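Structural overview for review
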Amino acid sequence: MLLQEQSRLKVGRPSDLENIYSNVINKESSDRITLAIDLAVRDEELTILASGRYHDEDEAGDGLVIEPTIIQTSNPKHEYMSTEFFGPILTVYVYDDAKTSWSETLELVNSTSAYALTGAVFARDRGAVEEASRALRHAVGNFYINDKSTGSVVGQQPFGGSRASGTNDKAGAPSYLLKWVSAQSVKETFVPISRLAHPSMIH
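Worth saying up front: this structure is predicted, and the values here are computed from it rather than measured.

1. With respect to a nonpolar patch on the surface
A cluster of nonpolar residues, Leu177, Leu178, Trp180 and Val181, forms a patch on the protein surface that exposes about 480 Å² of accessible area. On the secondary structure map, Val181 appears in the segment after strand 9 (162-163).

Below, the structure is given as structure tokens:
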């Protein structure tokens, strides 16, 4: 299914609304992304499942085009599993559910990356979803269930991550304002204290 969807993705000019994304923004970015693809071809722990192709210009001559690339790794701790390429590269690891439990897989996910910004779980089993929600509580600042990981929806969705991704402040939420103030809690009693004992201690 994943490979079928990848084959339908079109890349090109942003003015064409059938394109999923446009060309790489500059040569520095394209060099970084294409290097990652080239290294993956030579890496024994990586296999390119889909595309991996790139070319200097699209039909309109608008710059470098990098096709959506899906890479499978045999090593769940491979650096490609925790590297953000800021380009159309997806690295996947297929775990053997006959040998590895869901709980063990969640622990693997939780310990893979120093970052904790976004993450998603796709499952029909509600118990599996709830277990993932608990296990990944501190692994992502924004958790998606049966939906794609995405960026902030300005003014609609609080967004922020923890660990190396930040202090988990949620920009876009009222609580974010607390970052810019020095909060103080105040308690005032209007009935003078006349005895030391708490009311619950009085019989």
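2. Considerations on the pairing of strand 7 (residues 118-121)
In the case of a regular strand, side chains alternate between the two sheet surfaces. Across the two faces of strand 7 the burial differs, with Gly119 and Val121 buried and Thr118 and Ala120 not buried at all. Across four bridges, the pairing between strand 7 and strand 8 (residues 142-145) is parallel. Residue pairing in the sheet places Thr118 in a bridge with Asn142 of strand 8.

3. What about unusual backbone geometry?
Excluding glycine, most residues fall at negative phi; most peptide bonds, likewise, are trans. Notably, Phe86 is not glycine yet its phi reads approximately 50°, a positive angle. Relative to the assigned elements, Phe86 resides in the loop between strand 4 (69-73) and strand 5 (89-92). When its relative accessible area of 62% is taken as the criterion, Phe86 is described as exposed. The phi torsion at Arg163 lies on the positive side, around 50°, for a residue other than glycine. With respect to the element layout, Arg163 can be found in strand 9. Relative accessible area serves as the criterion here: at 35%, Arg163 is assigned to the partly exposed category.

What counts, and where the lines are drawn
Residues numbered from 1 in each chain as written. Predicted model: local features only at pLDDT ≥ 70, side-chain atom pairs only at ≥ 80, totals over all residues. Heavy atoms only, no water. Patch = residues over 30% accessible without salt bridge, like charges linked within 9 Å, V, L, I, M, F, W, Y side chains within 5 Å. Areas by Shrake-Rupley, 256 points an atom, 1.4 Å probe, with all protein chains shown as cover. Salt bridge = Lys/Arg side-chain N within 4 Å of Asp/Glu carboxyl O. Helix = DSSP H or I, 4+ residues; strand = E, 2+ residues; numbered from the N terminus. Buried < 20%, exposed > 50% of the residue type's maximum accessible area, 1.4 Å probe, protein only. Pairing = 2+ DSSP bridges.

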